[in-house]
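What the coordinates show
What follows is each chain in one-letter form.
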Amino acid sequence: MNSTLEGISGCALEIAERRSDLLLLVVISTEFSPRFMSQSLDSILKELSTALAQASSEPEVLKVKANFIGKDGKISQQLKLLKDLPPDQKRSFGAEVNQAKTKAELLIEERLQQAVKARVNKELLGGRVDLGLRDSILEGGLKSAGYHPLVSILRELEDIFLYMGFDVLDGPHIEDDWHNFEALNVSRDHPARDMQDTFWFHDNQHVLRTHTSCIQIRGMESRKPPFRFVGPGSVFRCERTDASHEMTFFQFEGMLVDRNISIAHLIYFAQQLYSSLFHHTVEVRTRPSYFPFVEPGLEIDMKCLMCAEKGCPVCGYSGWVELLGAGLVHPRVLTNGGINPEEYSGFAFGLGVDRLLMMRHGIEDIRHLRSGDLRFASQFRSI
Amino acid sequence: MRISLSWLSDFVALNDTSPEGLAKLFTSTTAEVEDVLRPEAHLQHCLVVEVRTLRPHPQNRDLQVAEVDAGPAGKFQVVCGAPNVRSGMKCAYAPAGVVLPAGPVEAKDIQGERSSGFLASQQELGVGSDHSGVWELPAAARMGQSVRDILGDEHVVIEFDNKSLTHRPDLWGHLGVGRELAAILRRPFKDLYAESWQSKWQEKLPPHRGPIQVSLDGPSSCVCYYGLSIDNVKVAPSPLWMQRRLIAAGLRPINNLVDIGNYVMLEVGGPVHMFDRSQIRANKIVVRRLSQPSELPLLDGTTAQLVPGDTVVCDAQGPLVVGGIIGGLSSGIQPDTQSVFIEAANWLPSEIRKLSTRLGVRTDSSARFEKGLDPSRVIITVLRAAELTLEICPGAVVSGSLEYAGPPENAFPLRQIRTSTQRIEAALGREIAENQIVDILTRLGFTVKADRSALLVTVPSFRGTRDFEFDADIAEEVGRIIGYDNIAPKAPAGVISPLAPSTGLRVHRLIRDVMVLHGRSLEVTTYPMIGEDLLNRAEWKRAAQELELANPISRDRDRMRPSLIPSLLDVCALNHKHYSAFRAFEIGRSYFADPKHFSREETHLGCLFCDEKADKTVALLDTIEALFRRLKVPIRFDNGTSGGLIPSEWSGLYPDQVMSLWSGDSEVGVVARIHPMLLRNFKISAHVSIAVVNVTAVEELYLSDPIRYQPLARFPLSEIDLTVLAGRDQSISQVIEVVRSLSLAELQRLSVLSVYELNDHEKSVTLRLTFGSKEGTLSGEELNALSQRVITKLSAAGHPLKQ
């Protein structure tokens, strides 16, 4: 038999690591423990630990359980000793044995759980899957999915203006002469018709719209001022295609009509547009320009983000990217839209979306955008 | 439009303003300058040399070897072939390394003789048109001096973007640009051809009528017409200074008389036509509309097909000139021309544009007239042309007074616009002092009368022809000179009312989200224009009337597509080369001819699943079904199609593998597996399925109704499984439809547990019917009765219970 005090204290300390309040109780109880009996309990628990450590399967653990706390188990037998003890020791020794039994039960249950888990895990291993074999690495064609980059950037543009209270609308691609030209102050023999190469239909009255500015007329027809809307959409030019020219591209039109609208308001929204799009303040330059449907007409250029004004192919070596044509709506255009220019004024702008997109992603050839080639589209995948 | 700065300095002192600085200034206040060019930069490096010795080239009889002396710059040996080289002459030497208009000069051995550069002609140096020999320089020229120093100046050119000058006909000549620049720079404008100059000239002209009678015969596109006859001219090269200016402005020198016309146009902006007077029959010029068709051979070598109504300049016998556009071949300047008739006129812009477009003839003249030139300045054009002719042709004399046909001179009234400081401030969005406004407008040539609260602005004649009618036009003049960058951005006052995004926008976004996240497909954008070849490959039935373009770029894109399907098949063929399986979708438009509105457009969703290994039609149907659930548009599936989105007889349909989607009475979508034989036309060997949804129709159906909650079942549900027989090729949906047609209120759910093929013609289908009631637990009898009704109905429909 080993030293009871040390043995019990050791055991108590072990428990105390988890339950500090037990420490006192155990230490006090040893004062009254009969030396010979305590030594026995202590060694039984040690023996149990050793036996459990050697039992790895469920039946082995259950066998150990029977050997110690079963009916004739070693701890149960200790209880039988009780009756031979003097009454003054009966109580304290009984408590000790019960305590040892609880401890034994805990140890056995813990070991049993480990054994069960080990068995289940062993069974599960047979049914495991290879977590490396994910869909993305498996052959089976193109797996990516996503929005076309032009559509994504249009969505961003729309959102910027939706948050500022602008409606979003579109009109037909096949427009009549009135909506595409006449109503926009471009009469049939106006030289400005040369500014855009137009696809005509055989009736000589209908065109593929050359700009989204027709949406201004469509918008005015169905609204009463004050109003504000944007019009994103496809436009068409009768131009030979090359790396920087397309016969179809996207424009983003904007129009706001209210009382006393000025150039200062236009510049405000242009700055909002640029800084929301590029997430920081962008340097802009405003200069006069000519579009028949605005007066005054201007262009709001953005400092090139690719080259920091040093000159590169994106900005045509000018350091500035021409993205936005704008101006106050021409009085004749307002009149054509059923609005009294003496009472209301407004601004309008148009933005070339393809160019913006190409600058953002460093796309060198505009023809990729409408090629239908998924090697291009999949680079902009969402999932 | 190319403007030479040294020419420009005739009208305004440029001092030491740099060309780039000027370009920036113009861009920020007037119109976009595209480029600054230095076409004569090489002259700085070309040297005056004297030919010292000259000996025949030992190997080549056509060449000579010259020893030239460039003074302090040294002596050089050059090989030359020009016939006019002689020893002692001064000429221009282009040393190796200099870049001439035709390319860089290299030192090389020419058949054994070293040539360290070459002796250049005027044409090679880009200063004139002469290429008959080397350019002989004055004997007084100092050896080693640069050619640029001899010329005294260098033409530096700023090039305007022509489109940005569309509304500024006054800027289509150096004089107008000089006037504009003087106003911007606040420097004096040297108005060389002011009224004093005009009256001085008028006085100099002979008092008697000239040899040519001019008349306007009835209304035509001619606004007014000036003519002047000059005798005793001789055709020769024009002086070098004039040739250099023409070259700098982008024109090729021809001969003195033609060059004078072009020079005046580039200087004062008004086109001039020079007639060889001997070709004007019966000394009569009549401007009139043609009454009969006529052909006129033109100066450019083509022949104009003129029709009645076209305005022409005629002599006694017929048309000589297409007015304002181009001259006829016969009446132009000939090498032996001795007398000329100078025409300067003004024409209606819209008519010029119409006619030049119809004839397909675009000239410097028509480009200017169609923009609207100032009719009250035509007299300057004709007098300036006369002045230059007398200056350049020694011995030339004016024959007779200035001929004029047109309305009296005061028939071109100046436009007046009433505005106010407040209105200008309101348009620009900043405060501007009235005296600043008056100052800006006055500098630009406007006359301003301030009267209490209003400003009465008189528009100068040179600005009154185009784009000047409203006070917005005045605001623009003030705004651009102040500089738009000097206007502080301002948020508009006023109420922003909350705005619900339009149904169209919401629907399009929902569709895209479902197609990406559920359909796992990639969005594409394709051209809405397609060609006959693609339609043929898609075996797409041609519409009776197609929307064809009058001026397509190519046969591949010459008409509007009637469906997204041919485009999708094209996309499929392209990507099939790179991927064994892929999914793509597009939201795009289809176009239809419409008898009433010309055309009708529908927005469609097109989606394509392509897989080499397995057919994915069911997966596509799942996605489309999910899409409509997301859109909250209730639909039902139907076998076959009514032909609304895909023609029901389309050869591209796989037999019995097409389903249509219906909302009420309208077919809103169709999902189809594609026939392998059609795919062969596209060299596709894979399973392909396509869905098309009429998004335009869906936009109208979209309601975004809130979902109505149903109380959870309070009583237990009962499941009953029934196994019935069905034809092997029959669709499950037919069996399900039979049960649904009973409309049993207690049937909470109906699903398919399993399907087994029994033999060649039969299969078994196990259905699970889940019954329940809100009122209470269904009793055994009730359940029995319900299943009996289902069994009876199925049996009657040819689906007996499997024994």
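Please read all numbers here as calculations on a predicted model, not as lab measurements.

So, on to the overall build of chain A. Looking only at helices and strands, chain A has 13 helices and nine strands in total. Taking all 383 residues of chain A together, 55% fall into the buried category. Long-range contacts, defined as pairs at least 24 residues apart, comprise 67% of the intrachain contacts of chain A with a sequence gap of at least 6. In the form shown here, chain A has an accessible surface area of approximately 17900 Å², with 53% of it arising from carbon and sulfur atoms.

Inspection of helix α2 (residues 19–29) of chain B places P19, L22, A23, F26, T27 and T29 of chain B among the buried residues, and these make up the whole buried set. Contacts from the buried residues of α2 of chain B go to β6 (284–288) of chain A together with α1 (5–8), β2 (33–37), β13 (157–160), α5 (174–185) and α14 (471–482) of chain B.

The subject of this paragraph is the nonpolar core. Generally speaking, nonpolar side chains in soluble globular proteins are found buried as a group. The biggest cluster of nonpolar side chains holds 98 residues, and the ones touching the most others in it are F161 of chain A together with F160 of chain B. Sorting elements by how many residues they give to this core places helix α10 (residues 263–278) of chain A first, with ten residues. The residues contacting F161 of chain A, other than those within four sequence positions of it, are F166, V230, F252, F269, L273 and F349 of chain A. In terms of nonpolar packing, the next biggest core, distinct from the first, is built from 43 residues, L175, L205, I379 and V398 of chain B among them.

Within the secondary structure, K143 of chain A is located in the loop between α6 (87–125) and α7 (149–162). Residue K143 of chain A is classed as partly exposed on the basis of its relative accessible area, which comes to 23%. Taking the C-alpha atoms as reference points, K143 of chain A and A308 of chain A, separated by 165 residues in sequence, lie 38 Å from one another. Apart from residues no more than four positions distant in its own chain, K143 of chain A is found in contact with D135 and L138 of chain A together with R520 of chain B. Looking at K143 of chain A, its side chain comes within polar contact range of the main-chain oxygen of D135 of chain A, at 2.9 Å. Polar contacts involving the side chain of K143 of chain A include one to the main-chain carbonyl oxygen of L138 of chain A, which spans 2.8 Å.

For the rest of this paragraph, the subject is the sheet that holds β13 of chain B. Residue and element names in this part refer to chain B. Pairing is antiparallel across the open sheet formed by three strands, whose spatial order is β1-β13-β2. What marks the edges here is a single partner per strand, and that holds for β1 (2–4) and β2. Each strand axis lies, on average, 20° off the axis of its neighbour in the sheet, ignoring direction. The pairing of β1 with β13 spans three bridges and is classified as antiparallel. For R2, the partnering residue across the bridge sits in β13 and is E159. Across the sheet, α2 lies against β2 and β13, angled at about 170° from β2, the strand it touches most.

With that out of the way, let us pick up the sheet that holds strand β20 (residues 311–314) of chain B. All names here are of chain B. Judged by pairing direction, the sheet is mixed, and its five strands sit side by side in the order β14-β17-β20-β21-β22 without closing on themselves. Only two strands of the sheet have a single neighbouring strand rather than two, namely β14 (213–217) and β22 (326–327). Direction of pairing for strand β21 (residues 319–322) relative to β22: antiparallel, over a ladder of two bridges. Paired with V322 across the two strands is I326, which belongs to β22.

Per-chain confidence: chain A averages 86 in pLDDT, with 89% of residues scoring 70 or above. For the stretch residues 1–36 of chain A, pLDDT sits under 50, and the model shows 32 contacts to residues farther than four places along the chain or on other chains.

A word on the pairing of strand β23 (residues 340–347) of chain B. Sheet faces and side chains relate simply in a regular strand, where the side chains alternate between the two faces. Residues and elements named next belong to chain B. Counted residue by residue, β23 has eight buried out of eight residues, so it is predominantly covered. Across the two faces of β23 the burial is the same, with V340, I342, A344 and N346 and F341, E343, A345 and W347 all buried. The pairing of strand β15 (residues 222–231) with β23 spans eight bridges and is classified as antiparallel. Bridge pairing in β23 places Y225 opposite A345. Inspection of the sheet shows strand β16 (residues 273–276) paired to β23 by four bridges, in the antiparallel sense. Looking at the pairing, M274 lines up with I342 of β23.

Residue and element names in this part refer to chain B. Those residues of helix α7 (residues 240–248) that fall on the buried side of the exposure criterion are M242, Q243, R244, R245, L246 and A248. At its buried positions, α7 is contacted by β1, α1, α4 (147–151), β13, α8 (256–268) and α11 (378–392). Where α7 terminates, the next one or two residues include G250, which has phi positive at roughly 100°.

Further remarks concern the packing of helix α5 (residues 74–81) of chain A against α6 of chain A. All names here are of chain A. For the pair α5 and α6, the least separation of the axes is 10 Å and the interaxial angle reads 170°. With respect to their mutual orientation, α5 and α6 come out roughly antiparallel. Contact residues: I75, Q78, L79 and L81 in α5; F93, V97, N98, A100, K101 and A104 in α6. Taken together, the residues of the contact of α5 with α6 break down into seven nonpolar, two polar and one charged.

Our focus in this paragraph is the state of the cysteines. The final tally for this structure, using the stated rule, is zero disulfides over all chains. Of the cysteine sulfurs around C238 of chain A, a residue in no disulfide, the closest is that of C214 of chain A, at 16 Å. C572 of chain B takes part in no disulfide bond, and the closest cysteine sulfur, belonging to C610 of chain B, lies 3.9 Å away.

Interface size is commonly expressed as the accessible area that is lost once the parts come together. If you look at the interface, chain A gives 89 residues, while chain B gives 82 residues. Here chain A and chain B share eight salt bridges between them. Here E469 of chain B makes a salt bridge to R332 of chain A, at a shortest N to O gap of 2.3 Å. Linking chain A to chain B there are 36 residue pairs in polar contact (both at pLDDT 80 or more).

So, about the packing of aromatic side chains. The way to describe two aromatic rings as a pair is by their centre distance and the angle between their planes. On inspection of all chains with the given rule, the structure shows 22 aromatic pairs over all chains. A ring pair is formed by F227 of chain A and F229 of chain A, whose centres lie 5.6 Å apart and whose planes are at 20°; its orientation type is stacked. With respect to burial, F227 of chain A and F229 of chain A carry one shared label: buried. Seen from their ring centres, F11 of chain B and Y193 of chain B are 6.4 Å apart, and the 65° between their planes marks the pair as edge-to-face. Pair noted here: F11 of chain B is in the loop between α1 and α2 and Y193 of chain B is in the loop between α5 and α6 (195–204), with a separation of 182 residues, a long-range link. One Lys or Arg, R583 of chain B, reaches over the ring of F609 of chain B and ends 4.0 Å from the middle of that ring.

Attention now goes to the packing of helix α4 (residues 58–69) of chain A against α6 of chain A. Residues and elements named next belong to chain A. For the pair α4 and α6, the least separation of the axes is 9 Å and the interaxial angle reads 170°. Between α4 and α6, the interaxial angle falls into the category roughly antiparallel. Side by side, α4 and α6 meet where E58, V61, L62, K65 and I69 of the first sit next to K101, A104, E105, I108, R111, L112, A115, V116 and R119 of the second. Here the residues of the contact of α4 with α6 sort into eight nonpolar, no polar and six charged.

Overall, the coordinates contain 71 salt bridges over all chains when judged by the stated rule. Residue D373 of chain A pairs with R375 of chain A through a salt bridge whose shortest N-O separation is 2.7 Å. Here R52 of chain B makes a salt bridge to E50 of chain B, at a shortest N to O gap of 3.0 Å. Among the charged side chains, a salt-bridge network with shared partners connects R285, R287, E299, D301 and E322 of chain A together with E32 of chain B.

Parameters and conventions
- Throughout this description, residue numbers start from 1 for each chain and increase along the sequence as written.
- Chains carry letters and ligands carry numbers; both start at the beginning, A for chains and 1 for ligands, and go up in the order they are written.
- This being a predicted model, a pLDDT of at least 70 is required before a residue's local features are given, and a value of 80 or more before pairs of side-chain atoms are given or counted; all residues contribute to the totals for chains, interfaces and linings.
- Note that water and hydrogens are dropped before the side-chain values are worked out from all heavy atoms of the structure.
- Every helix listed is a DSSP run of H or I at least four residues long, and every strand listed is a run of E at least two residues long, numbered separately from the N terminus.
- Here's how the labels work: a residue is buried when its accessible area is under 20% of the maximum for its type, exposed when over 50%, partly exposed in between, all with a 1.4 Å probe on protein chains only.
- Residue contacts follow a heavy-atom distance rule, with two residues in contact if any of their heavy atoms lie within 4.5 Å.
- The accessible surface values rely on the Shrake-Rupley method and a 1.4 Å probe; as for residues, cover is taken only from the protein chains in view.
- In this description, a nonpolar core means a group of buried Ala, Val, Leu, Ile, Met, Phe, Trp, Tyr and Cys residues linked to one another through side-chain atoms lying within 4.5 Å.
- Here a polar contact means two N or O atoms within 3.5 Å. Within protein one must be a hydrogen donor candidate and the other an acceptor candidate, and residues neighboring in sequence count only if both atoms are side-chain atoms.
- Between any two strands, at least two bridges found by DSSP are needed for them to pair.
- Here the axes come from fitting lines to C-alpha atoms, over the contacting stretch only for helices, and the angles between their N-to-C directions go from 0 to 180 degrees.
- Scored from 0 to 100, pLDDT reflects the predictor's confidence in each residue.
- Comment on the angle field: the value is read as roughly parallel under 35 degrees, roughly antiparallel over 145, roughly perpendicular from 65 to 115, and oblique elsewhere.
- In this count, Pro and Cys sit with the nonpolar residues alongside Ala, Val, Leu, Ile, Met, Phe, Trp and Tyr, while Asp, Glu, Lys and Arg are called charged and the others, Gly among them, polar.
- Disulfides are defined as pairs of cysteine sulfur atoms found within 2.5 Å of each other.
- Salt bridges, as used here, are contacts in which a Lys or Arg side-chain nitrogen is within 4 Å of a carboxyl oxygen on Asp or Glu.
- Two aromatic rings from Phe, Tyr or Trp, using only the six-membered ring of Trp, form a pair when their centres are within 6.5 Å; if the ring planes differ by under 30 degrees the pair is stacked, by over 60 it is edge-to-face, and anything between is tilted.
- In this scheme, Lys NZ or Arg CZ marks a charge over a ring once it lies within 6 Å of the ring centre and within 35 degrees of the ring normal.

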